[in-house]
Amino acid sequence: MSKNYRKLTDQIISLVGGKENIKSVTNCATRLRFYLADEEKAKTEELKKTDGIAGVVKNGGQYQVIIGPDVDLVMEEIRKIGGIKVEDGAGAIREEKEKLTWKNAFGKFLGTVSTIFIPIIPCLAGAGILQAILILLKTAGIVPEDNQTYVLLNMVSGAVFYYLPVMLAFSSAKVFKCNQYMAAVMSFMLLHPTFMGFVEAGDSIRMFGIPVTLVKYSSSVLPVIFITLFMSVVERISKKFVPKAIKFITVPVITFVITSVVGFTVLGPIGTWCGNLLVVLFNWLDANIPWFCPVIMGTFSPLIVMTGMHNGLKAITYSQYALRGYATATGPGNLCSNVAQGAAAFVVCLKSKKSGKKQMAFSAAISALIGGITEPALYGITLKYKSVLWSVMLGGGVAGLWAGFSRMRTYSPGPASVLGLPCYVGGDSLQNMINAAIAIVISAAVTMVAMLVFGMKDVRKAEENEEETDTELDDLMEI
């Protein structure tokens, strides 16, 4: 296996223009994300046709090569080769010399939030699934709530969400290029027992005579990102003006004082209000147009993932968890869309005449249905054939309609897949999880019917063209 990954790695490096064309590389769950000196040197079409590569995307200054769940193994080979700068997910963001306009500001914001979230997604997914399983065991009466093992495991899963601001601060500091440990301290201040005591008591407090807004910051998202961004500016400016002899001690003191004052009095509350406004918006949609979000996400998730906005939208979901205990913004719709992509890939696996395509489609189907990772299906099948894309959007949209009218909601984060069903356990019964299971069946059934009726049209046409090309090549060889 190692030799195969080394061969694939060598092919990728060669086709992106060689080591000298790679400024740096990082990876997320499924993609290698290159920063290239000259993107024109990359042979995109050849990369797309290479075995082991599901697709290529250019987004936000990154040249992204989609590998799938085995991307870590390719990244390991890149590290072994040496001579290439490797960065982790949070350190990969770059400052683009592009005029900031209202048109691209929102996209840049989502891109930044996405980059911040990427390194901590495994923690959130693992804790979410663990929490969901514990709820399922308690609801089914298998494990009593006062069982000590249950209590401790519940504490482990709950700690991830309670201390989410700490992880976000650490990750944000890499993005904003400031001291990670100082950023962590700024997050600790938001969760410190003394401050939490002020919040619980509701007493009016001031800092340097400025009123401090008492807000509960546990599980919050935007406040600590805003505070860390501001801290990076304070740290950078103070380093320029503080004499070198006392910089080691003075810079942290200046940074702590200024950031804490602005954080407690301005940025923390603003971040909270922004998050709350998003939740109010989605609460209104949930109460008045319950089908809207699931249908939009169920239908258009393939296009949203293609733009890289899907991770940026997680801020809305976690704000809902913090304020409501459950979320409706993205999870139900994503589940419907992911299952649709898995079902479409499965049909391609069954109906394709090409053995290589069958293997790729089967792997993509398992990845989407079980792991909730859709990039192999998305770039290898869904976006490649328009008839498949329409089938996936139809299946995801119809299932999203059911998700909306049945008021589906997630009670903890986890993969939007069959494996993530426990995340729908909550409330007074298992009905919400049953609704999620029905959504899975609807999505798979509608997509598979659509694929059998018209979805395979473009796939068959492409395979016929490939057969004609193969025949022509054979004739030429005989001549």
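None of the values given here were measured: they were computed from a predicted structure.

About the cut-offs
- Residues numbered from 1 in each chain as written.
- Predicted model: local features only at pLDDT ≥ 70, side-chain atom pairs only at ≥ 80, totals over all residues.
- Heavy atoms only, no water.
- Salt bridge = Lys/Arg side-chain N within 4 Å of Asp/Glu carboxyl O.
- Helix = DSSP H or I, 4+ residues; strand = E, 2+ residues; numbered from the N terminus.
- Buried < 20%, exposed > 50% of the residue type's maximum accessible area, 1.4 Å probe, protein only.
- pLDDT = per-residue confidence, 0-100.
- Contact = heavy atoms within 4.5 Å.
- Pairing = 2+ DSSP bridges.
- Phe/Tyr/Trp six-rings, centres within 6.5 Å; stacked < 30°, edge-to-face > 60°.
- Patch = residues over 30% accessible without salt bridge, like charges linked within 9 Å, V, L, I, M, F, W, Y side chains within 5 Å.
- Areas by Shrake-Rupley, 256 points an atom, 1.4 Å probe, with all protein chains shown as cover.
- Lys, Arg positive; Asp, Glu negative; His and termini not counted.
- Charge placed at Lys NZ, Arg CZ, Asp CG, Glu CD.
- Polar contact = N/O pair within 3.5 Å; in protein donor to acceptor, adjacent residues only side chain to side chain.

Visitor: With reference to specific residues and values, describe the pattern of salt bridges.
Guide: For side chains of opposite charge, pairing can occur when their charged atoms come near one another. For the coordinates displayed, the defined rule picks out six salt bridges. A salt bridge links lysine 239 to glutamate 235; the nearest nitrogen and oxygen atoms lie 3.5 Å apart. In this pair, lysine 239 and glutamate 235 both sit in helix α10 (residues 222-241), four residues apart, roughly one turn of the helix. A relative accessible area of 41% places lysine 239 in the partly exposed class.

Visitor: Any details on the confidence of the model for the protein? Residues and values, ideally.
Guide: Residue-level pLDDT values for the protein average 83, and 89% of them are 70 or greater. Ranking the elements of the protein by mean pLDDT puts helix α19 (residues 457-478) last with 62 and helix α18 (residues 431-455) first with 95. With pLDDT under 50 throughout, residues 469-479 is counted as low confidence; its partners more than four residues away or in other chains account for one contact.

Visitor: Give a detailed account of helix α16 (residues 375-382), specifying residues and quantitative values.
Guide: With eight of eight residues buried, α16 lies mostly within the body of the structure. Those residues of α16 that fall on the buried side of the exposure criterion are Glu375, Pro376, Ala377, Leu378, Tyr379, Gly380, Ile381 and Thr382.

Visitor: With reference to specific residues and values, describe the pairing of strand β1 (residues 22-27).
Guide: Within β1, five of the six residues are buried, which leaves the element mostly enclosed by the surrounding structure. Alignment of β1 against strand β2 (residues 31-36), held across five bridges, turns out to be antiparallel. Each bridged residue has a counterpart across the sheet, and for serine 24 the counterpart in β2 is tyrosine 35.

Visitor: Got a sec to walk through the pairing of β2? Specific residues and values, please.
Guide: The buried fraction of β2 amounts to six of the six residues, a majority that puts the element mostly inside the structure. Along β2, one buried face is formed by Arg31, Arg33 and Tyr35 and the opposite face, lined by Leu32, Phe34 and Leu36, is buried too. Inspection of the sheet shows β2 paired to strand β4 (residues 62-66) by four bridges, in the antiparallel sense. Its bridge partner being in β4, arginine 33 is matched across the sheet by glutamine 64.

Visitor: Could you give me a rundown of the packing of aromatic side chains, with the residues and numbers involved?
Guide: Across all of its chains, the model carries six aromatic pairs by this definition. Between phenylalanine 195 and tyrosine 217 the ring centres are 6.0 Å apart and the planes differ by 25°, which places this aromatic pair in the stacked class. Residue phenylalanine 195 is found in helix α9 (residues 193-201), and its partner tyrosine 217 is found in the loop between β6 (210-212) and α10; the two are separated by 22 residues along the sequence. Take phenylalanine 195 and tyrosine 217: they sit in the same class, and that class is buried.

Visitor: Describe a nonpolar patch on the surface, with residues and values.
Guide: A cluster of nonpolar side chains, contributed by Phe208, Ile210, Phe248, Ile249, Val253, Val257 and Ile258, occupies part of the molecular surface with about 750 Å² of accessible area. If you tally residues by element for the nonpolar patch, the top one is helix α11 (residues 247-288), at five residues. Summarising the element assignment, phenylalanine 208 is placed in the loop between β5 (205-207) and β6.

Visitor: Before we move on, can you summarise a positive patch on the surface with the specific residues and values?
Guide: Taken together, the side chains of Lys85, Lys177, Arg236 and Lys240 define a basic patch exposed on the protein surface. Mapped onto the fold, lysine 177 is located in the loop between α7 (164-175) and α8 (180-191). Taking relative accessible area as the criterion, lysine 177 reaches 52% and is therefore assigned exposed.

Visitor: Now, about the side chain of threonine 255: what can you tell me, with residues and values included?
Guide: Looking at the secondary structure, you find threonine 255 in helix α11. The exposure class of threonine 255 is buried, given its relative accessible area of 0%. Within the structure, threonine 255 has its side chain in polar contact with the backbone oxygen of valine 251 (distance 2.7 Å). Other than its neighbours up to four places away in sequence, threonine 255 contacts Met182, Met231, Val234, Glu235, Ser238 and Ser260.

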